[in-house]
Amino acid sequence: MRTRLTAYVVALLLLPPLALTLSGQEWEAPVPIPGAVWLPTLLGALAVIAFGILLDTLTLRRTGQSLMRSQRFYVLWNAVAGGVTCMLLAYLNLFSGSWFTPAGSETAALLLAALSGFVMLPAVLIARLWLAGLPGLVKLSTRKFALPALSAETAAMILLPAVLLGLMGGTIWIDRLGWLFWTAPLLLLVALQLLWHESTVFTGLGQGDWSRVLLGTVSGIVVGGIALAAFRLSGGTIYLAANTWQLIAGLALFGLLCLQVSDVVAENWRGKTRGEVFKKKPFPISVVSKKDQ
């Protein structure tokens, strides 16, 4: 897991500036726009937290399951992962200029994104769990048409060139390849999962199960929409270089990315009790004493 995450972070950090260097272009720092940002961001985060608590309570009453109560450490680690993920997305935005805020520096923009991601990723997971309990919704997305199944290595070899084109070509021609630029973070993580023979958010498509994709996209749109609405209603200022449909598509991608990140985090919990997750591993080389001989 650490190797995959390291490769993921390094690729997102290095490929955009490398593209600028190879093309001979210079990076232009985004110009902040006037307006409030810190207080609206905090109020938006509180609104997302309240929304998550509400859905978690409703899920507990309906199904007896509560992600926040039964998997607190898992939720906490997903919050940390969400903060890092949104920091990476904000870093990519420095090269694309897809949105502009009153953040006075690049560091401030990254910190604002981290604060938002810290609450948004757990909220996406809670929203997905609540949606999965709605009668008939999961049935609508299962037993549908199945996509042709490819081997993990073949699928990864198809995705990686698309990621390279998105992160490097999209940095240079953002107007033409912006859609691929913002799809690349999800595709890269999916490709790394496939290379390590781990599950992805698209694993069920080969059997006609579209539930994870559907619920993930809806969760991302709802949570992202609430965060954006609360930010603006609180007096926050943000300029989005996207129309309504592009914004919805971006939030849907964010929801899928959140699910995929949570899958990576969940690998530490797979088949283990809470105590086993934090149990120290034994020394890998057995030590034989003279008494044992």
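Details of the structure are given in the entry above.
Residues numbered from 1 in each chain as written. Predicted model: local features only at pLDDT ≥ 70, side-chain atom pairs only at ≥ 80, totals over all residues. Heavy atoms only, no water.

Trainee: So, the overall build of the protein chain: which residues are in play, and what are the values?
Mentor: Scanning the protein chain from terminus to terminus reveals eleven helices and two strands. In sequence order, the protein chain lays out its α and β elements as α-α-α-α-β-α-α-α-α-α-β-α-α. Across the 293 residues of the protein chain, 42% fall into the buried class. Counted over contacts in the protein chain with a minimum sequence separation of 6, partners at least 24 positions apart contribute 82%. A total accessible area of about 16,200 Å² is found for the protein chain, and carbon and sulfur atoms account for 67% of it. (Helix = DSSP H or I, 4+ residues; strand = E, 2+ residues; numbered from the N terminus. Buried < 20%, exposed > 50% of the residue type's maximum accessible area, 1.4 Å probe, protein only. Contact = heavy atoms within 4.5 Å. Areas by Shrake-Rupley, 256 points an atom, 1.4 Å probe, with all protein chains shown as cover.)

Trainee: Mind laying out the packing of aromatic side chains, listing which residues take part and the relevant values?
Mentor: To describe a pair of aromatic rings, you give the distance between the ring centres and the angle between the ring planes. Within this structure, the stated rule accounts for five aromatic pairs. Here the aromatic rings of phenylalanine 100 and tyrosine 239 are separated by 6.1 Å at their centres, their planes lie at 35°, and the arrangement is tilted. Taken together, the positions of phenylalanine 100 in strand S1 (residues 99–100) and tyrosine 239 in strand S2 (residues 239–240) put the pair 139 residues apart, joining distant regions of the chain. The partly exposed category is assigned to tyrosine 239, whose relative accessible area is 47%. (Phe/Tyr/Trp six-rings, centres within 6.5 Å; stacked < 30°, edge-to-face > 60°.)

Trainee: So what about the pattern of salt bridges? Which residues, and what values?
Mentor: Summed over the entire model, instances satisfying the criterion amount to three salt bridges. For the salt bridge of arginine 69 with aspartate 56, the shortest nitrogen-to-oxygen distance reads 2.8 Å. Here arginine 69, found in helix H3 (residues 67–70), pairs with aspartate 56, found in helix H2 (residues 38–63); they are 13 residues apart in sequence, far enough to count as distant. Linking aspartate 263 and arginine 212 is a salt bridge whose minimum nitrogen-to-oxygen distance equals 2.8 Å. Here the residue aspartate 263 occupies a position in helix H10 (residues 244–266), and arginine 212 occupies one in helix H9 (residues 211–233), the gap between them amounting to 51 residues. Judged by relative accessible area, which is 22%, arginine 212 ranks as partly exposed. (Salt bridge = Lys/Arg side-chain N within 4 Å of Asp/Glu carboxyl O.)

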